[in-house]
Amino acid sequence: MNVLKRWLNSDVGYSFRQSPTAMVAAAIAALFLFCAAFAGWVSPTNPFDLATLELSDARIPPAWMEGGSTKFLLGTDDQGRDILSAIIYGSRISLVVGLASVVLSVVVGVGFGLLAGFRGGWIDAFLMRLCDVMLSFPAILVALLIAGVGRALFPDAHESLAFGVLILSITLTGWVQYARTVRGTTLVERNKEYVQAARVTGVAPLRIMFKHVLPNVMGPVMVLATIQVATAILTEATLSFLGVGAPPTSPSLGTLIRIGNDYLFSGEWWITIFPGLMLVLIALSVNLLGDWLRDALNPRLR
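All values reported here derive from a predicted model rather than from experimental measurement.

Secondary structure summary: the protein contains 12 helices and 0 strands in total. When the helices and strands of the protein are listed from N to C terminus, the series reads α-α-α-α-α-α-α-α-α-α-α-α. Counting only residues that meet the buried cut, the protein has 43% of its 302 residues in that class. Once local pairs closer than 6 in sequence are excluded, the contacts in the protein between residues at least 24 apart make up 69%. If you sum the accessible surface of the protein, you get close to 15900 Å²; carbon and sulfur atoms cover 66% of it. Between the mean site of the 21 positive side-chain charges and the mean site of the 19 negative ones, the protein shows a separation of 18 Å.

This is the structure:
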């Protein structure tokens, strides 16, 4: 409680309390995280338990429409799965993949950016040329290639390996922005007096990088990471929509949208509209939080 109280009384906490948009976005994001973390208790049913599915319940409309049932508030899909439960379980997969890929991207990108900016020379030139190569290809194309190759090499792999390949494919396209951002900030920080003083006193370069320089470059990284969570979730949904993302036995929001797309023009619009709406709300809330954090950490706007 003391930590929360100190944060609310800080400059960032004050900015948060003065921004209704940030508070609403944070509430929506927290609600999604809670539902995803406790999907087994929150969702009415387990939509992926084949023993509980009834084909006679397939394509039932939402409860407020003619032919709907209060048992299925948002209707059912072509296999009789409750759409509300499928969305809750699907959002958990999308959030886990998105958060895990962003964490790995931050670790790799910040490490490479610190090394390139602090050491310079051929290391800086090599890493920046590698970034240029990665940026020359569309991110979704690289992720699609990696995910496709992983599925081809391990066609009978366990689901956990399939998720690992998916996270790796998104990470390989996401670390570049962190590396370039951290590298640019490190080039400025390494010439400041506190770094020069640490060098004169004999502090090891690795210790200078992680103890002195790293805390001063994490502001832009936090803003970028917040925004990139939404991008990673959308990338995962795109890959799943194309059939190379989450495995069919554990569909994410992108898989649910792809399944519902086959029935969109036959009248069963709820199968794809509700998962799509959930995806939009998640991405929008995270992006709004990222925009607020960018402004809150900008000293010129305080």
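Having seen the model, we can carry on.
Here the focus is the confidence of the model for the protein. The share of residues in the protein with pLDDT of 70 or more is 92%, and the mean pLDDT across the chain is 83. Mean pLDDT values for the elements of the protein range from 64 in helix 1 (residues 2-9) up to 90 in helix 5 (residues 83-119).

With respect to the element layout, Asp 82 can be found in the loop between helix 4 (39-42) and helix 5. Measuring from C-alpha to C-alpha, the distance between Asp 82 and Phe 48 comes to 9.6 Å, with 34 residues separating the pair along the chain. If we ignore the near neighbours within four places in the chain, the residues touching Asp 82 are Pro 44, Thr 45, Pro 47, Phe 72, Leu 73, Gly 75 and Thr 76. Among the polar contacts listed, one links the side chain of Asp 82 to the side chain of Ser 85, at a separation of 2.8 Å.

The subject of this paragraph is the pattern of salt bridges. Per the stated rule, a full pass over the model turns up 6 salt bridges. A salt bridge links Asp 77 to Arg 81, with the shortest nitrogen-to-oxygen separation between them at 2.7 Å. Grouping residues by exposure puts Asp 77 and Arg 81 together as buried.

Between helix 5 and helix 12 (residues 270-296), the least distance of the axes is 10 Å, while the angle of their chain directions is 40°. The pairing of helix 5 with helix 12 is recorded here as oblique in orientation. For the element pair helix 5 and helix 12, the recorded crossing hand is right-handed. Contacts between helix 5 and helix 12 involve Ile 83, Ile 87, Ser 91 and Leu 95 from the former and Trp 270, Ile 271, Phe 274, Pro 275, Met 278 and Ile 282 from the latter. Across the contact of helix 5 with helix 12, the residue classes tally to 9 nonpolar, 1 polar and no charged.

With that settled, consider unusual backbone geometry. Of note in the backbone geometry, Arg 59 takes a positive phi value of approximately 55° without being a glycine. Residue position: Arg 59 is located in the loop between helix 4 and helix 5.

Here we come to the packing of aromatic side chains. Per the stated rule, a full pass over the model turns up 7 aromatic pairs. On the numbers, 6.1 Å between centres and 85° between planes, the contact of Trp 64 with Phe 274 is edge-to-face. Highlighted residues: Trp 64 in the loop between helix 4 and helix 5 and Phe 274 in helix 12, separated in sequence by 210 residues. You can call Phe 274 buried: its relative accessible area is 14%.

Glancing now at the environment of Lys 211. Mapped onto the elements, Lys 211 comes out in helix 10 (residues 205-241). Between the alpha carbons of Lys 211 and Ile 282 there is a distance of 34 Å; along the sequence they are 71 residues apart.

Attention now goes to helix 6 (residues 121-135). With 15 residues, helix 6 ought to run about 21 Å at 1.5 Å a step, and its terminal C-alpha atoms sit 21 Å apart, in line with that. Of all the residues in helix 6, the buried ones are Ile 123, Asp 124, Leu 127, Met 128 and Cys 131. Down the axis of helix 6, the sector holding all buried residues measures 120°, keeping them to one side. Within helix 6, the exposed residues directed more than 90 degrees away from the buried face are Trp 122 and Phe 126.

Side chains three or four residues apart in an α-helix point the same way, a direct result of the helix having 3.6 residues per turn. Helix length check: helix 5 (37 residues) gives 53 Å between terminal C-alpha atoms against 54 Å at 1.5 Å per residue, within 8%. Immediately downstream of helix 5, the backbone of Gly 120 shows phi near 65°, a positive value.

Calculation notes
Residues numbered from 1 in each chain as written. Predicted model: local features only at pLDDT ≥ 70, side-chain atom pairs only at ≥ 80, totals over all residues. Heavy atoms only, no water. Helix = DSSP H or I, 4+ residues; strand = E, 2+ residues; numbered from the N terminus. Buried < 20%, exposed > 50% of the residue type's maximum accessible area, 1.4 Å probe, protein only. Contact = heavy atoms within 4.5 Å. Areas by Shrake-Rupley, 256 points an atom, 1.4 Å probe, with all protein chains shown as cover. Lys, Arg positive; Asp, Glu negative; His and termini not counted. Charge placed at Lys NZ, Arg CZ, Asp CG, Glu CD. pLDDT = per-residue confidence, 0-100. Polar contact = N/O pair within 3.5 Å; in protein donor to acceptor, adjacent residues only side chain to side chain. Salt bridge = Lys/Arg side-chain N within 4 Å of Asp/Glu carboxyl O. Axes fitted to C-alpha atoms, helices over the stretch in contact; angles between N-to-C directions. Parallel < 35°, antiparallel > 145°, perpendicular 65-115°, else oblique. Left-handed = near helix turned anticlockwise from the far one by under 90°. Nonpolar A, V, L, I, M, F, W, Y, C, P; charged D, E, K, R; others polar. Phe/Tyr/Trp six-rings, centres within 6.5 Å; stacked < 30°, edge-to-face > 60°. Expected span 1.5 Å × (residues − 1). Arc of directions from axis to C-beta.

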